[in-house]
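If you want the building blocks of each chain, they are given just below.
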Amino acid sequence: MMALDRWIALILLGICLAYGYTAWFTMDGSLAPFMQRNPIWPSTFPKVLSVMGVVACTVILLGFETSQPKDADIDYRRLHEYNLGQAVLLLVLMVGYALCLRPLGFLLSTSGFLILGSVLLGERKWHIMLPVSLIAAGGVWYLVQEVLGIYMRPLPGFLGG
């Protein structure tokens, strides 16, 4: 019988393969001619992600990462003893983050997601959490907007974003 982590890796492997197929074979077909000469295409990051996902899932499926004792495996019969509430709330927070990106802008949505996510996971050092989340959100926005040249609305529309 296969352990729960391997079943999850098998499901994620299927998702990564479908994502990789989309990135490698369908995303670049509609590129404008001037973009086809760029060294980095819009599909570059999805291609890298799909390859990394396939490698990670294969490592888990083949059991190369298991250096733990056998009793450290997840027991699917005792799932109620794990922090499922935290995991579900984190997934709900991710969906909320995705839905808030357009109306609230990248900086507010990302900062809020990082702050709420760290509170949900148990972080209570506000003097560290706030600056780190604000710097991370601002740094990612700067890299995507200014370095890569991809427009992302930084602020909500009513604040001039």
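Above this text sits the structure in question.
Residues numbered from 1 in each chain as written. Predicted model: local features only at pLDDT ≥ 70, side-chain atom pairs only at ≥ 80, totals over all residues. Heavy atoms only, no water.

Novice: Can you walk me through the side chain of T110 in this structure?
Specialist: Among the structural elements, T110 can be located in helix 4 (residues 106–120). Within polar-contact distance, the side chain of T110 engages the side chain of Y97 at 2.9 Å. Beyond its immediate stretch of four places on either side in the chain, T110 contacts Y97 and A137. (Helix = DSSP H or I, 4+ residues; strand = E, 2+ residues; numbered from the N terminus. Polar contact = N/O pair within 3.5 Å; in protein donor to acceptor, adjacent residues only side chain to side chain. Contact = heavy atoms within 4.5 Å.)

Novice: Looking at this model, I keep getting lost on the packing of helix 3 (residues 84–104) against helix 4. Mind explaining?
Specialist: At a closest axis distance of 8 Å, the pairing of helix 3 and helix 4 adopts a crossing angle of 170 degrees. By the angle class used here, helix 3 and helix 4 are roughly antiparallel. Between helix 3 and helix 4, the residues in contact are Q86, L89, L90, L93, M94, Y97, C100, L101 and L104 and F106, L108, S109, T110, F113, L116, G117 and L120, respectively. The residue inventory of the contact of helix 3 with helix 4, partitioned by class, reads 13 nonpolar, 4 polar and no charged. (Axes fitted to C-alpha atoms, helices over the stretch in contact; angles between N-to-C directions. Parallel < 35°, antiparallel > 145°, perpendicular 65-115°, else oblique. Nonpolar A, V, L, I, M, F, W, Y, C, P; charged D, E, K, R; others polar.)

Novice: Which parts of the structure should I look at to understand the side chain of S109?
Specialist: Looking at the secondary structure, you find S109 in helix 4. Contacts of S109, omitting those with residues within four sequence positions, involve Y97, C100, L101 and L104.

Novice: Where do I start with the environment of I11 in this structure?
Specialist: Looking at where I11 falls in the secondary structure, it is placed in helix 1 (residues 4–26). Sequence separation between I11 and C57 is 46 residues, and the spatial gap between their C-alpha atoms is 9.0 Å.

Novice: How should I be thinking about the nonpolar core in this particular structure?
Specialist: For soluble globular proteins, nonpolar side chains are generally found buried alongside one another. Within the largest apolar cluster, 8 residues are counted, these being L90, L93, Y97, F106, F113, W141, V144 and M152. Listing elements by their share of this core, those giving two or more residues are helix 3, helix 4 and helix 5 (126–147). Among the elements that make up this core, the one with the highest residue count is helix 3 (3 residues). (Core = buried A, V, L, I, M, F, W, Y, C linked by side-chain atoms within 4.5 Å. Buried < 20%, exposed > 50% of the residue type's maximum accessible area, 1.4 Å probe, protein only.)

Novice: Can you walk me through the packing of helix 4 against helix 5 in this structure?
Specialist: Helix-helix packing: each pair is described by the crossing angle between the helix axes and the interaxial distance. The interhelical angle for the contact between helix 4 and helix 5, taken along N-to-C directions, is 145 degrees, at an axis separation of 9 Å. Crossing angle aside, the handedness with which helix 4 passes helix 5 is right-handed. Counted together, F106, L107, T110, S111, L114, I115, S118 and V119 of helix 4 and W126, M129, L130, S133, L134, A136, A137, G138, V140 and W141 of helix 5 form the full contact between these two elements. Class assignment of the residues belonging to the contact of helix 4 with helix 5 gives a composition of 13 nonpolar, 5 polar and no charged. (Left-handed = near helix turned anticlockwise from the far one by under 90°.)

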